[in-house]
Amino acid sequence: MAQFFISNETKRLRELAERKLSEQSMRDVPDLGDTLSQRLVHELQVHQIELEMQNEELKLEQTRLKLAASVFNNTYEGIIITDANKLMLEVNPAFSRITGYSPHEAIGRNPKMLACVKENARIYTEMKAALHAQGCWRGELLNQHKSGEAYQITLSVTAIHDEVGKLINYVGVFTDISVLKRHEAELDRIAHYDPLTGTPNRRLLADRLNQAIAHAQRSRLAMAVCYLDLDGFKQINDQHGHAMGDEVLIEITRRLLAILRPDDTLARLGGDEFVILLTDLPQQDECQMILSRILAAVCTPMQLNKHQLNLSASIGATLFPSDPHEPDLLIRHADQAMYAAKKAGKNRIHFYSPAEDLLLVQRNQNIERLRSALSDQEFVLHYQPKVDLLSGEIIGLEALLRWEHPQLGLLTPSLFLADINGSPLEVPVGEWVIETVLKQMSAWQTAGLHVKVSLNIGAAHLFQPDFYDQLNRLLSSYPKINPAHLELEILETTAINDFAMASEAMARCHQLGVRFALDDFGTGYSSLAYLRRLPIDMLKIDQSFIRDILTNASDLGIVEGVILMAAVLKHPVLAEGVETLKHGALLVQIGCHLCQGDGIAQPMPAEQIPAWITQWHAEEIWHTLGKMMLDETNSEVIVENK
Ligand SMILES: Nc1nc2c(ncn2[C@@H]2O[C@H](COP(=O)(O)OP(=O)(O)OP(=O)(O)O)[C@@H](O)[C@H]2O)c(=O)[nH]1
């Protein structure tokens, strides 16, 4: 066969030489006639041209080969040439650089010696099929350096056939892409993982949640989306610094991962908020069990930098498919349930319930409506007088919130205050109340009416870090008002449940001159020791005790006890909810002469106050109370007491 090509090549060269000679002869060769010598000369000339041409072509070929050799030797890519049996015939220097094997160690062996064969098993099957069908393959493989270190390559393999189609060689060209892969992995890590804890971030959580939902649908086992938020984490940052806060988050992550199974997911959404996906749950009990273990793990005291920290968490959970919604909504439901756990007192697990959800939706609508009520100035304040039934003195007024609803008319707080409390509206509404009261006091003062006013302050408002500054700013803008004429009423439960915060906030505001009253006194079963340490100027006995004192001996007993307690604490005491003058008469008799209630005056708009005051002084009702006690009230009480 080679012979065939050689003679063909010879023939081609001869023809070319003949043609070249005939062109030349026409120009410069003298005509020697048709003799033997002429033919010989011709033959020689043709042969000479033939040799020159061969020489030329050899030079060209040599240049090409040199170039090919230079590429083979200098290219950055590793090159392997094998025989048809895939045994290496030639490798280039880049091969040795990448693989760690010298040509001597490689030649005669199968290139699989370079690879992590087990990891690449599927790829080899694909490669074999592609080489068979298309004569080439391109893809990625995991190789192992002579030193044992794994590295990733892209490889393209081409099958080489001879002129008649017989497979004679394979040529493989490969590049080490480990650095590229490491960069890729780094970018992936940055995009999908939380840098502090190394757990998936929100984006990866979305992927995992989709997978978990698909898995739950296939397996027919439930999946739980759980939202975990540490309780009081801000305080750890504030007390011990952000770096320590970070360490807490890392330690919490470690504890949670120790409990979760490999198929579960722990993601950090930011701050102290984590989402946990629990898969393959036969029932809710199982979920409850795992979450209880998680809660216990969070609560186990933590020793960090010589400090012992006691943490807890609030967890909300929802189960798919009983909560059959899309991923975003499942996370929102778990978040809502977590919020309910916080509201119920923290350090607990709460499961999402659609009925609760409905209530929440309604509440959010209500809050939105109340927000526009505030901006549209639909809130008003009514004022209820507080009097001394012994002297007849008006000791102050309590400002009470009302909503002048455009359709429903005047609404009392029992219809809307629950929606405001604990909502983002609590502070702005509270600030509106303080400002409106100060404005009103200022207007009354200008009209010659100097009267003390009290208002109710919610816990969330009082505990705002800038409450003192805000109050100070407001008081400064009404310099004619004596701060001691402003009284802030806080609930007994607020003061006691958050005793440290409450006493600190109250003490600071006290320095401004404002006074404090403890509202609903008696409902909190508070210890006297606690109450004694609060800067209180007035105790208000809750109206629930007052309402039935005329007919219920035990209520009367309680009120007598409360009055005694107030005396021990050396604070003035005022009875709220005095519905009739008879109640007032009895209260005076048992030692409480400061009263407030519909029996004296109902809450009224500010503009009616001056007229009421005039009338109160004119009627001098308090002078008749002593008679009332003797004639009627006493007898009723005595009957009951029996
Ligand atoms: N150390 C640290 N703190 C962070 C990080 N990201 C957010 N925070 C802080 O985490 C705190 C989250 O506080 P919240 O969850 O709002 O407050 P909390 O005190 O836990 O209150 P409750 O959840 O109601 O118990 C805030 O003080 C943030 O400034 C972080 O990467 N590291």
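Residues numbered from 1 in each chain as written. Predicted model: local features only at pLDDT ≥ 70, side-chain atom pairs only at ≥ 80, totals over all residues. Heavy atoms only, no water.

- As named in an unreviewed UniProt entry, the chain is EAL domain-containing protein, taken from Chitinibacter bivalviorum.

**Description of the overall build of the chain**
Thought 1: Across its full length, the chain holds 24 helices and 22 strands.
Thought 2: Out of the 642 residues belonging to the chain, those deemed buried represent 44%.
Thought 3: Considering only intrachain contacts with a sequence separation of at least 6, the fraction spanning at least 24 residues in the chain is 62%.
Thought 4: Accessible area of the chain: about 34600 Å², with a carbon and sulfur share of 55%. (Helix = DSSP H or I, 4+ residues; strand = E, 2+ residues; numbered from the N terminus. Buried < 20%, exposed > 50% of the residue type's maximum accessible area, 1.4 Å probe, protein only. Contact = heavy atoms within 4.5 Å. Areas by Shrake-Rupley, 256 points an atom, 1.4 Å probe, with all protein chains shown as cover.)

**Some details on the confidence of the model for the chain**
Thought 1: Put simply, the chain has an average pLDDT of 89, and 93% of its residues get 70 or more.
Thought 2: Taken together, the stretch residues 1-6 has pLDDT below 50 and engages in one contact with residues farther than four places along the chain or on a different chain.
Thought 3: Residue range residues 633-642 is modelled with pLDDT below 50. Its contacts to residues more than four positions away, or to other chains, number 18 contacts.
Thought 4: Model confidence for the complex is summarised by a pTM of 0.57, with the ipTM given as 0.95. (pLDDT = per-residue confidence, 0-100.)

**Looking at helix α11 (residues 327-343)**
In an α-helix, one turn spans 3.6 residues, which is why side chains three or four residues apart end up on the same side.
Thought 1: Its 17 residues place the ends of α11 24 Å apart at the C-alpha level, agreeing with the 24 Å of an ideal helix rising 1.5 Å per residue.
Thought 2: Here α11 lies mainly inside the structure; 12 of its 17 residues are buried.
Thought 3: Listed in full, the buried residues belonging to α11 are P327, L329, L330, I331, H333, A334, Q336, A337, M338, A340, A341 and K342.
Thought 4: Tucked inside the fold, the buried residues of α11 contact α7 (202-219), β6 (222-230), β11 (313-320), β12 (349-351) and α12 (354-375).
Thought 5: G345 sits one or two positions beyond α11 and adopts a positive phi of about 125 degrees. (Expected span 1.5 Å × (residues − 1).)

**A look at the site of the ligand**
Thought 1: Around the ligand, the structure places 16 residues, and the nearest of them are G232, N237, D246, R268 and K342.
Thought 2: A distance of 2.7 Å separates an oxygen atom of the ligand from a polar atom in the backbone of G232.
Thought 3: Contact between the ligand and F233: an oxygen atom at 2.9 Å from a main-chain N or O atom of the residue.
Thought 4: Burial of the ligand by the surrounding chains reaches 66%, relative to a free accessible area of 670 Å².
Thought 5: Here the shell around the ligand gets four residues from one element, more than from any other, and that element is helix α9 (residues 242-259). (Near = heavy atom within 4 Å. Polar contact = N/O pair within 3.5 Å; in protein donor to acceptor, adjacent residues only side chain to side chain.)

**Brief notes about the pairing of strand β4 (residues 150-161)**
Thought 1: Bridge analysis of strand β3 (residues 136-144) against β4 gives nine bridges, and the strand direction is antiparallel. By the bridge assignment for β4, W137 is matched with V157.
Thought 2: Joining the antiparallel neighbours β3 and β4 is a turn of five residues, in which G148 adopts a positive phi near 105 degrees.
Thought 3: Pairing geometry for β4 and strand β5 (residues 167-176), over nine bridges, is antiparallel. (Pairing = 2+ DSSP bridges.)

**Some remarks on the packing of helix α16 (residues 467-476) against helix α18 (residues 499-512)**
Thought 1: The geometry of α16 relative to α18 is characterised by a closest axis approach of 10 Å and an angle of 20 degrees between their N-to-C directions. With respect to each other, α16 and α18 are oriented roughly parallel. The two elements α16 and α18 cross, and the hand of that crossing is right-handed. Touching F467, Y468, L471, N472 and L475 of α16 are R508, C509 and L512, all from α18. (Axes fitted to C-alpha atoms, helices over the stretch in contact; angles between N-to-C directions. Parallel < 35°, antiparallel > 145°, perpendicular 65-115°, else oblique. Left-handed = near helix turned anticlockwise from the far one by under 90°.)

**Observations concerning the sheet that holds β6**
Thought 1: Pairing is mixed across the open sheet formed by five strands, whose spatial order is β7-β8-β6-β11-β12. Whereas interior strands pair on both sides, the edge strands pair on one side only; in this sheet they are β7 (265-270) and β12. Ignoring strand direction, the axes of neighbouring strands in this sheet form an average angle of 20 degrees.
Thought 2: Pairing of β7 with strand β8 (residues 273-281) involves five bridges; the strand directions are antiparallel. Looking at β8, one finds that G270 is bridged to E273.

**Looking at helix α21 (residues 553-569)**
Thought 1: Helix length check: α21 (17 residues) gives 24 Å between terminal C-alpha atoms against 24 Å at 1.5 Å per residue, within 8%.
Thought 2: Restricting attention to buried positions, one finds in α21 the residues D555, L556, V559, V562, I563, A566 and L569. All buried residues of α21 lie within an arc of 140 degrees about the axis, which places them on one face of the element. Projecting away from the buried face of α21 at angles above 90 degrees are the exposed residues L564, A567 and V568.
Thought 3: Phi turns positive, to about 60 degrees, at K570, one or two residues after α21. (Arc of directions from axis to C-beta.)

**Quick notes on the environment of R369**
Thought 1: Structurally, R369 is set in helix α12.
Thought 2: With residues up to four places along the chain from it excluded, the contact list for R369 reads E378, W403, H405 and P406.
Thought 3: Side chain to side chain, R369 and E378 meet in a polar contact 2.9 Å long.

**Let's talk about the packing of helix α14 (residues 426-446) against α16**
Thought 1: Axis separation between α14 and α16 bottoms out at 10 Å; the angle between their running directions is 25 degrees. Judged on the interaxial angle alone, α16 and α14 are roughly parallel. Our pair here, α14 against α16, has a crossing hand that is right-handed. Residues E431, I434, E435 and L438 of α14 touch α16, and the partners they reach there are F467, Q470, L471, L474 and L475.
Thought 2: Classifying every residue of the contact of α14 with α16 gives six nonpolar, one polar and two charged. (Nonpolar A, V, L, I, M, F, W, Y, C, P; charged D, E, K, R; others polar.)

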